[in-house]
Amino acid sequence: MSVPKPEYPRPDFDRSDRWLTLNGEWGFEPAEGEPTAIVVPFAWETSASGVRRTWLERAVYRRELVVPGDWDGRRVILSFGAVHHVARVLIDGIHVGTHTGGYTSFEFDITGFVTPGEPAELVVEVDAPADKREIPHGKQRSIPRDDYDGVSFTPTSGIWQSVWLEARGRTYLESAALRGDSLTGFAVSGRLAGDAPAGAEVVATVDGRATTLVTDAEGRFDGLLTVDSPRLWSPADPHLYAVEFRIGDGDAADRVVATAGLRSIETRGEQLFLNGRRLYIRGVLDQGYWPESGLTAPDDASLLRDLELARDLGFTLVRKHLKFEEPRWLHEADRMGMLVWAEPACPSRFTPDAALAFEEQLPGLVERDGNHPSIVVWGLYNEEWGLDWDIPGSQERAAAAVHAYDTMRALDDSRPIVENSGWAHVRTDLVDWHYYDEDPAAWAANVAALASGEKETFEVKLGPDFVVDKSFYGSSDFPRTGVPILNSEFGAGFTSLERAWHVRWQTQEIRRHDRFAGYVYTELTDVEHEMAGLLDTERRPKDWGGLNPADSNADTVIVVDIVPQRAGADIPVPTGPLTVEVRVSHHGDAPIDATLHAAWAASGSPEHPVTAESVDARAELTAAPYAVTAPVAVTVPAPSGAARLHLWLEEGGRSIAHTFVDAAVIEQPNRRGARQS
């Protein structure tokens, strides 16, 4: 069989000159049932694995491995991308090591357990509890059920990320952190392992300049790598530096090439800044889930394509939800300039042990992924999952959220951290909120009240008949001003057409208010029974009713002063001239002088008219960066019937923004419940 996912798993920490994939067919011995074969690295619940077993709690993986003969004299490292949840590794029956944590990468030095050129038996014994409530598991379904079972999916158990071997030097680089937020060079720290890590010399070379660092008695080192004529990383210019680390000389030397970027991300009052320039987040939530392979991308092209899809829809950030995504995905985000909000999986019930298990993921997350300049936000808990939905009513649970924040801040002081995404903040660098509402009038009014500070609570439907008020804040002493506020989940609509309609109107209402620092639409793709995606599970576009979602997520957006009635019929068909007031939200670096055009076209038409004769009205306006304009009015004649009013901005003969308003017959219910025109 062809080897699945044959690419080197760590292009951001490159040792691909000497490595060997162990993906492919392994022997598989379930605790219940007959031995069979399984395709690694796909979870045993998936059809891609060839097993498709759900609620299996224990199994043994088995295969032969042969370390290449030319690796003799080097350290041999066995690496795992992720195994859910406990992995006990043996070689020829001898215990090598045990790892607990279903999302964190891990490795074992197996030099003393193998002989290059000779076969050895590799065994991985896996425990994957059906009761996942007190272990980090994100949206994997549990027995007994999670509190949020309605939005949970098929579990992901066993080996679900790549497995591989690497040859390293006798003394080798185990980890290296590169932080480029000074914008002039990289603060570097790291750790050696192997034969003689204490007092070793580490030669780090970047941009042609070599710096020698010496380790302490524990094999650790730190220093500063300066760069001549620094080139900053940004979405517009995603420049990556290659930093080569070399330890030792000759055949015993260890060599790694790590990538990183010079960029800073910070908060100033209620605003975000990237490299000292204002940043507004236009994001999309992505759960990284595929119908045949679960949390594992079926292949590299599928993994990376999701980033392109998000970019083509106009998004500038991906919130990777409750999942450590593969380093290859993060490396591609670095290369293309896509911003990332990264977050670990949560447990679903609170106990001290569950909180400890949650925090035990964080060092591995920062160590593996902290060098990626694309990651601009660390998320932690989500909606009080793992905190029993009770931060405001429980000092113990609030303290757990604070402790998680402090733990993450001690690990990485270079990025904003959100301790409890969506609700009840007690210590955070961003006040984010999750709000879903099907009523456009209520949405517009509540978003305005949240922006002004008139309100700080919003309704959350936790069950069919269970609606509660959730707050931005989990304590009375959290500052009500001075911290950036942004939405990190929203979206509505049962049908595809309705969801597209809400994209257009709900996004514009967020953009109407300059106080907000951004938004994250939910979500990129459907997942199993969750049909909230702009794309379906196969990544195909849905019926957007003529909307191009990129128009709603553009640098410059037209905000229409209308409360729409329903999908396909924003307003009744006017019987006389129609005056529409619009505002412009512009997030460019410089002001724009533009012409607003308005013209009627056929119902459902996706494009605005392109001929001068087709324009029914126009108006001139100037839009300053990050300041919504005063209203500008245009008046158009009445259409002959149902029609679509296109509104677009042109600057220098180029269209820079577009939206539309649908005029149609608005049906009203009669007194007997039937509908009439």
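Worth saying up front: this structure is predicted, and the values here are computed from it rather than measured.

### A few points about the overall build of the protein
- If you tally the helices and strands in the protein, you get eight helices and 43 strands.
- Relative to the globule expectation of 26 Å for 677 residues, the C-alpha radius of gyration of the protein, 27 Å, shows essentially globular dimensions.
- Counting only C-alpha atoms, the protein reaches 85 × 60 × 55 Å along its principal axes.
- A total of about 25,800 Å² of accessible surface is found on the protein, and carbon and sulfur atoms cover 48% of it.
- Treating the 64 positive side-chain charges of the protein as one cloud and the 105 negative ones as another, the clouds have centres 2 Å apart.

### Structural notes on the sheet that holds strand 41 (residues 654-664)
- Here we have five strands laid out as an open sheet, ordered 35-41-40-37-38, and mixed in their pairing. Each having just a single partner strand, strand 35 (571-572) and strand 38 (617-623) make up the two edges of the open sheet.

### Some thoughts on the environment of L22
- With respect to the helices and strands, L22 occurs in the loop between strand 2 (19-21) and strand 3 (24-30).
- Relative accessible area serves as the criterion here: at 1%, L22 is assigned to the buried category.
- For the pair L22 and F80, spaced 58 residues apart in sequence, the C-alpha to C-alpha distance is 9.7 Å.
- With near-sequence residues (within four places) excluded, L22 lies in contact with R63, L65, L78, L122, V163, W164 and L165.

### A look at the confidence of the model for the protein
- A residue-level look at the protein finds 98% of positions with pLDDT of 70 or above and a mean pLDDT of 95.
- Confidence over residues 671-677 falls short of pLDDT 50; this stretch has 10 contacts with residues more than four positions distant or in other chains.

### Describing the pattern of salt bridges
- Summed over all chains, the structure comprises 53 salt bridges.
- The salt bridge partner of R75 is D195, with a shortest N-O separation of 2.5 Å. With a gap of 120 residues between them, R75 in strand 6 (residues 75-80) and D195 in the loop between strand 15 (185-194) and strand 16 (201-206) connect regions that are remote in the sequence.
- Judged by its relative accessible area of 43%, D195 falls in the partly exposed class.
- What you see here is one network of salt bridges that share partners, running through R75, D109, R170 and D195.

### A word on the sheet that holds strand 22 (residues 271-274)
- Pairing is antiparallel across the open sheet formed by three strands, whose spatial order is 21-22-23. With one partner strand each, in any of the chains shown, strand 21 (265-268) and strand 23 (277-279) form the two edges of the open sheet. Taken pair by pair, the neighbouring strands of this sheet meet at an average axis angle of 45°, ignoring direction.
- When strand 22 meets strand 23, the two strands line up antiparallel, connected through three bridges. The residue bridging F273 from the neighbouring strand is R278, located in strand 23.

Rules of the game
- Residues numbered from 1 in each chain as written.
- Predicted model: local features only at pLDDT ≥ 70, side-chain atom pairs only at ≥ 80, totals over all residues.
- Heavy atoms only, no water.
- Helix = DSSP H or I, 4+ residues; strand = E, 2+ residues; numbered from the N terminus.
- Rg over C-alpha atoms; globule rule 2.2 N^0.38 Å.
- Areas by Shrake-Rupley, 256 points an atom, 1.4 Å probe, with all protein chains shown as cover.
- Lys, Arg positive; Asp, Glu negative; His and termini not counted.
- Charge placed at Lys NZ, Arg CZ, Asp CG, Glu CD.
- Pairing = 2+ DSSP bridges.
- Buried < 20%, exposed > 50% of the residue type's maximum accessible area, 1.4 Å probe, protein only.
- Contact = heavy atoms within 4.5 Å.
- pLDDT = per-residue confidence, 0-100.
- Salt bridge = Lys/Arg side-chain N within 4 Å of Asp/Glu carboxyl O.
- Axes fitted to C-alpha atoms, helices over the stretch in contact; angles between N-to-C directions.

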